[in-house]
Amino acid sequence: MTGKDSRLDRDILFGGMPGQAPKLTSPGVTRAVLAQFGIHARKKYGQNFLTDRGIVTGIIDAAGITEDDCVLEIGPGIGTMTQYLSEAAGHVVCVEIDTNLRPVLDQTLAGYDNVDVIWQDILRTDLEELAEEYNEGRPLKVVANLPYYVTTPILLYLLEEKGCFESITVMVQKEVADRICAGAGSKEYGALSLAVQYYSDPEIVLKVPPACFMPRPAVESAVLHLQAYEKPPVDADEEVLFALIRASFNQRRKTLANGIANGFRCRNKTLSRADVETSLEAMGLSPSIRGEKLSLEQFAALSRTLAERGLV
Ligand code: SAM
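Draft legend 1. Region of interest: the overall build of the protein. Within the protein, the regular secondary structure consists of 13 helices and 9 strands. With respect to the principal axes defined by its C-alpha atoms, the protein has extents near 85 × 40 × 30 Å. When burial is assessed residue by residue, the protein has 48% of its 312 residues classed as buried. In the protein, 32 side chains carry a positive charge and 42 a negative one; their mean positions are 9 Å apart.

Draft legend 2. Quick peek at the site of the ligand. Contacts to the ligand come from 22 residues, most closely from L50, G75, E96, D121 and Y149. Between the ligand and L50, the relevant distance is 2.9 Å, taken from an oxygen atom to a main-chain nitrogen or oxygen of the residue. Taking E96, its side chain carries an N or O atom lying 2.6 Å from an oxygen atom of the ligand. Against a free-state accessible area of 590 Å², the protein chains account for coverage of 99% of the ligand. Elements that contribute at least two residues to the shell around the ligand include exactly β1 (49-50) and β3 (91-96).

Draft legend 3. Representation of helix α4 (residues 80-88). Within α4, 7 of the 9 residues are buried, which leaves the element mostly enclosed by the surrounding structure. Those residues of α4 that sit buried are T80, M81, T82, Q83, Y84, L85 and S86.

Draft legend 4. Broad picture of the domain arrangement of the protein. Domain parsing of the protein yields domain 1 (41-228) and domain 2 (238-308). Placing a centre on the C-alpha atoms of domain 1 and another on those of domain 2 gives a separation of 33 Å. In this assembly, 13 residues from domain 1 lie in contact with 13 residues from domain 2. Carbon and sulfur atoms make up 64% of the surface buried where domain 1 meets domain 2, a total of about 970 Å² over both sides.

Reading the values: the criteria
Starting from 1, residues in each chain are numbered consecutively following that chain's sequence as written. Only residues with pLDDT of at least 70 are given local features in this predicted model, and only at 80 or more are side-chain atom pairs given and counted; all residues enter the totals for whole chains, interfaces and linings. As a rule here, side-chain values cover all heavy atoms of the structure and leave hydrogens and water aside. Secondary structure elements follow DSSP: runs of H or I no shorter than four residues count as helices, runs of E no shorter than two count as strands, and numbering proceeds from the N terminus. Using a 1.4 Å probe on the protein chains alone, a residue whose accessible area is under 20% of its type maximum counts as buried, one over 50% counts as exposed, and one in between counts as partly exposed. Within this scheme the basic residues Lys and Arg register as positive and the acidic residues Asp and Glu register as negative, but His and the chain ends are omitted. Positions of charges follow a simple convention, taking NZ of Lys, CZ of Arg, CG of Asp or CD of Glu. Here a residue is considered near a molecule or strand provided that any single heavy atom belonging to it is located within 4 Å of it. Under the rule applied, a polar contact is a pair of N or O atoms within 3.5 Å (in protein, one hydrogen donor and one hydrogen acceptor; residues adjacent in sequence only if both atoms are side-chain atoms). The accessible surface values rely on the Shrake-Rupley method and a 1.4 Å probe; as for residues, cover is taken only from the protein chains in view. Each domain's extent was defined by an automatic or database domain assignment. We call two residues contacting when some pair of their heavy atoms lies within 4.5 Å. A quick way to say it: buried area is the sum, across both parts, of accessible area lost when two parts are put together, with a 1.4 Å probe.

Structure representation (structure tokens):
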């Protein structure tokens, strides 16, 4: 076989375009690349590499990526999804913490010319500056197979940077996806559901078994699509709203009034149990209701009632 034929053969097998490194979406190629560079998946960075082409393309389809988009990929790993993102998007900017992967990405992203990699912690990245530098200040689309040890901090860090993102499509632990999408009254419902639903409309778009990763994680996974709101769906003083939510779920077994009386702190103000109970009654709710029964709109209404009564 000539060099040209073997290149052709490799492209047919792994789907790379001429001049590009071959695709990584198979356990065999992933294993070979890891062995070539002597790389072992690092637990401390939550490294579980995707090896399933259907899942990778499913994530990119769910994110609705077109060539008009600039995508932020958090944690490109060895570049598996990055290769496909590069083909679908106008530009891809990746933020990766593990500099050991630099020589791997140099090879696996060869020929994928619209990709930039920034070597740093996403939680220390100025997202506004990133959108400015790579997308003229327009909102980015985030796509990632997130490291599970730090999923919630990353999601909240992104969501709190309002205006930087149009949507966030990410692989997370299925249990976290269920908590994020949960509605009032269910056992998964909590502060995380409310925080994410304040900023975005969440939906589980794919369920993913451990066999789609190398190494296999110990848990089931799911792909979550968060469509960011241009403005929050409820009318509330944000600081008061989140202080109420935090206090309510810190002591989940207590009534809402007790939880808030014990835990609410906002602009040096606290609230008594009676303040909360009379406010709940004014809203037509039971004074002994638990926080897990209140919808986002009802938490917002409580914050407005407390404000009208001069209590916050
Ligand atoms: N995208 C690759 C894939 O799907 O095969 C790798 C996904 S792996 C689950 C998570 C990736 O996030 C790893 O490459 C890891 O090094 C990286 N990572 C972990 N913590 C990070 C952080 N704080 N900031 C940026 N990247 C991080």
